Amino acid sequence: KGPTRRVPVVFDQECAGSLLGNLCSAASGYALYKGASFLIGQLGERLAPEYVTVYDDGRMVGGLGSKPFDGDGLPTRKNTILEGGRLKSYLLDTYSGRKLGLPSTGNAARSVGDSPGVGPTNFYLVPGAKTPEQIIRSVKDGLYVTELIGFGINMVTGDYSRGAAGFWIENGELTYPVEEITIAGNLKDMFLNIESVGNDLRFRGRVASPTIKIAEMTVAGN
C-alpha cells in the first residue's frame with residue numbers, strides 16, 4: 001500500500017474516461033438547475049489548461065452515440081464543452097435549457113417509459129501528442145491507476161475520493177502493483193492540474209478519454 005503522500009497520478013484510458021464522465025454529469029442541465037453541480041455559473045471560466053479540449057459530437061461518423069436527432073426531435077450537433085481549457089457549453093435538452101435560460105444543445109435523452117433527461121452522444125477529450133509510455137516516463141515517483149472502486153464523489157463541491165489499484169511508478173518505470181489505496185482531490189483542481197494528455201483515445205462507450213496525467217493528488221495507503 002505505501003505511506004500517504006502527494007504525487008503525480010496517471011489515469012489509464014478507462015479510468016480517465018470515468019473521470020471525464022464526472023465532468024459530463026456536472027455539465028448536465030438537470031444537475032445544474034437543481035443546484036447539484038460544481039459547474040454552476042462557470043460558463044466562460046477556465047477549468048483546465050489551454051491544451052485541454054472536450055467535445056460532445058452527435059454527428060461523429062460511426063460513433064456509438066451518434067444519431068440524427070435527440071429525444072426532443074431536435075437535430076444533434078457537435079458541441080464544444082471545453083475549448084482552450086474554458087467551459088463553453090453545458091449539455092441541455094429543451095426543458096433544462098428553459099430552466100437555465102439557454103437553448104437546447106441537442107442532448108435530450110429518453111427511452112420508452114422513462115422521464116426525459118440529458119445524455120451525452122460522443123463525449124470525449126481531444127487526444128494530445130504523447131504516448132502513454134512517454135507520460136509514464138515523465139513521472140519520477142507516482143501512481144499509474146488502472147482500476148477505480150467506489151463512488152466517493154460530491155458533485156456539488158467537486159470533492160473526489162475513490163479506492164484505486166494500479167502500479168507504482170519509480171524513475172519513469174512501472175515497478176510494483178498497488179491496491180487497497182485511496183486517491184483524493186477535488187475535481188476542479190484535478191482538471192486544472194492536468195499536466196499531460198495521451199494520444200491513445202479509443203471509444204468503448206459514449207464517453208472516452210486518452211491517458212491523462214494529473215500533476216498531484218493525495219494517495220493514501222497505510
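Residues numbered from 1 in each chain as written. Predicted model: local features only at pLDDT ≥ 70, side-chain atom pairs only at ≥ 80, totals over all residues. Heavy atoms only, no water.

## Some remarks on the pattern of salt bridges
Move 1: Taken as a whole and judged by the stated rule, the model has four salt bridges.
Move 2: Arg6 is the partner of Glu216 in a salt bridge, and the nearest nitrogen-oxygen pair spans 3.1 Å. Remark: Arg6 occurs in strand 1 (residues 5-11) and Glu216 occurs in strand 13 (residues 212-220); sequence separation between them is 210 residues.
Move 3: Given a relative accessible area of 38%, Glu216 falls into the partly exposed group.
Move 4: Overall, Arg6 belongs to the partly exposed group, its relative accessible area being 47%. (Salt bridge = Lys/Arg side-chain N within 4 Å of Asp/Glu carboxyl O. Helix = DSSP H or I, 4+ residues; strand = E, 2+ residues; numbered from the N terminus. Buried < 20%, exposed > 50% of the residue type's maximum accessible area, 1.4 Å probe, protein only.)

## So, the nonpolar core
Move 1: Among the nonpolar cores identified, the biggest contains 44 residues, and Phe11, Leu19, Leu39, Leu143, Val145, Tyr160 and Ile183 are the most heavily contacted of them.
Move 2: The greatest single-element share of this core, amounting to seven residues, is contributed by helix 1 (residues 13-26).
Move 3: Counting six residues, the second-largest nonpolar core is a separate cluster that includes Val10, Val139, Tyr144 and Ile169. (Core = buried A, V, L, I, M, F, W, Y, C linked by side-chain atoms within 4.5 Å.)

## Describing the pairing of strand 10 (residues 173-186)
Moving residue by residue along a regular strand, the side chains alternate between the two faces of the sheet.
Move 1: With eleven bridges connecting them, strand 9 (residues 159-170) and strand 10 associate as antiparallel partners. The partner of Ile169 across the bridge, within strand 10, is Leu174.
Move 2: Between strand 9 and strand 10, which follow one another and run antiparallel, lie two residues, and Asn171 among them has a positive phi close to 50°.
Move 3: Where strand 10 and strand 13 come together, three bridges link them in antiparallel fashion. Among the inter-strand pairings, Ala184 is bridged to a residue of strand 13, identified as Thr218. (Pairing = 2+ DSSP bridges.)

## So, the side chain of Asn22
Move 1: As for its placement among the helices and strands, Asn22 is situated in helix 1.
Move 2: Of the residues examined, Asn22 reaches a relative accessible area of 10% and is grouped as buried.
Move 3: In contact with Asn22, other than residues within four places in its own chain, are Ile153, Met155, Tyr160 and Leu187. (Contact = heavy atoms within 4.5 Å.)

## So, the state of the cysteines
Move 1: Counted according to the given criterion, the structure contains zero disulfides.
Move 2: Cysteine Cys15 remains unbridged, with the sulfur of Cys24 as its closest cysteine sulfur at 17 Å.
Move 3: Cys15 gets classed as buried once you look at its relative accessible area, which sits at 4%.
Move 4: Cys24 sits in the buried class, given a relative accessible area of 7%. (Disulfide = S-S within 2.5 Å.)

## With respect to the environment of Arg59
Move 1: Among the secondary structure elements, Arg59 is positioned in the loop between strand 2 (54-57) and strand 3 (78-83).
Move 2: Distance from Arg59 to Arg77, taken between C-alpha atoms, is 5.8 Å for residues 18 residues apart in sequence.
Move 3: Excluding residues that lie within four positions of it along the chain, Arg59 makes contacts with Ser66, Lys67, Pro68, Pro75, Thr76 and Arg77.
Move 4: Here the side chain of Arg59 touches Pro68 through a polar contact of 3.0 Å, landing on its backbone oxygen.
Move 5: One polar contact links Arg59 to Thr76, side chain to side chain, over a distance of 2.9 Å. (Polar contact = N/O pair within 3.5 Å; in protein donor to acceptor, adjacent residues only side chain to side chain.)

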